[in-house]
Amino acid sequence: CSAKLAESGRGTPFFFPSERERKRSVAMDVDGDAVQFEDDFEVMEKDPDGRKFDRVSRFICQSELYDMSMTLDVNVEIYPIEVGEHFKLLLTNEVSSKGDSGGAGGGPTGTSLDDWEYVMHGKIFKIETSQSNDNQQNLYISFGGLLLLLVGDAKPLEQFKIDMYTYLLIRRTGT
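Values in this document were obtained by computation on a predicted structure and should not be read as measured data. (Residues numbered from 1 in each chain as written. Predicted model: local features only at pLDDT ≥ 70, side-chain atom pairs only at ≥ 80, totals over all residues. Heavy atoms only, no water.)

Q: Teacher, can you tell me more about the pattern of salt bridges here?
A: Pairing of side chains with opposite charge becomes possible as their charged atoms draw close. Applying the stated criterion across every chain yields a total of ten salt bridges. Taking the shortest distance from any N to any O, the salt bridge between Glu38 and Lys88 comes out at 3.5 Å. With a gap of 50 residues between them, Glu38 in strand S2 (residues 34-46) and Lys88 in strand S5 (residues 86-92) connect regions that are remote in the sequence. As far as burial versus exposure is concerned, Glu38 and Lys88 are alike and both buried. In this structure, Arg172 and Glu85 form a salt bridge, with 3.0 Å as the shortest nitrogen-oxygen distance. You can see Arg172 sitting in strand S9 (residues 165-174) and its partner Glu85 sitting in the loop between strand S4 (69-75) and S5, a full 87 residues away along the chain. On the basis of relative accessible area, Arg172 is assigned to the partly exposed category, the value being 32%. (Salt bridge = Lys/Arg side-chain N within 4 Å of Asp/Glu carboxyl O. Helix = DSSP H or I, 4+ residues; strand = E, 2+ residues; numbered from the N terminus. Buried < 20%, exposed > 50% of the residue type's maximum accessible area, 1.4 Å probe, protein only.)

Dropping the structure here:
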């Protein structure tokens with residue numbers, strides 16, 4: 001993928017993609033065994049069905065690049081977020097610590113744990129693909145009881161498989 005080559009310095013691209021094309025390419029980066037999905041989200045709702053737990057809130061978010069809907073449980077005592085905030089989300093199966101040359105730490109998305117504000121590790125427990133609804137996919141991940149549901153086009157999510165362990169990484173991008 002030329003967008004990846006251009007960022008990593010490992011080759012010369014034949015064309016210079018637009019910013020949106022570059023972001024889409026990086027957002028679905030598969031580097032060796034690393035599986036990654038990255039997008040920017042806006043928090044649309046907080047606790048739509050009421051708050052069930054003292055430390056956990058459920059957020060309904062909308063992505064900017066892939067137009068996906070996400071329902072995410074967050075420990076708000078550790079990482080408070082509010083409606084209207086924007087954040088970058090990365091789902092990946094490999095992370096590294098600063099200075100670690102292994103894993104995907106040197107990749108274009110910067111998957112070092114130190115670069116992110118909120119990190120969870122979990123397992124994909126269910127994937128539903130609807131052929132009748134424009135190939136829409138529902139990706140379900142459990143992070144020790146905190147849940148994520150990502151709903152959208154199956155293409156950016158096709159690399160994720162049932163029973164795959166994955167990291168969720170978040171950092172704020174603005175309000």
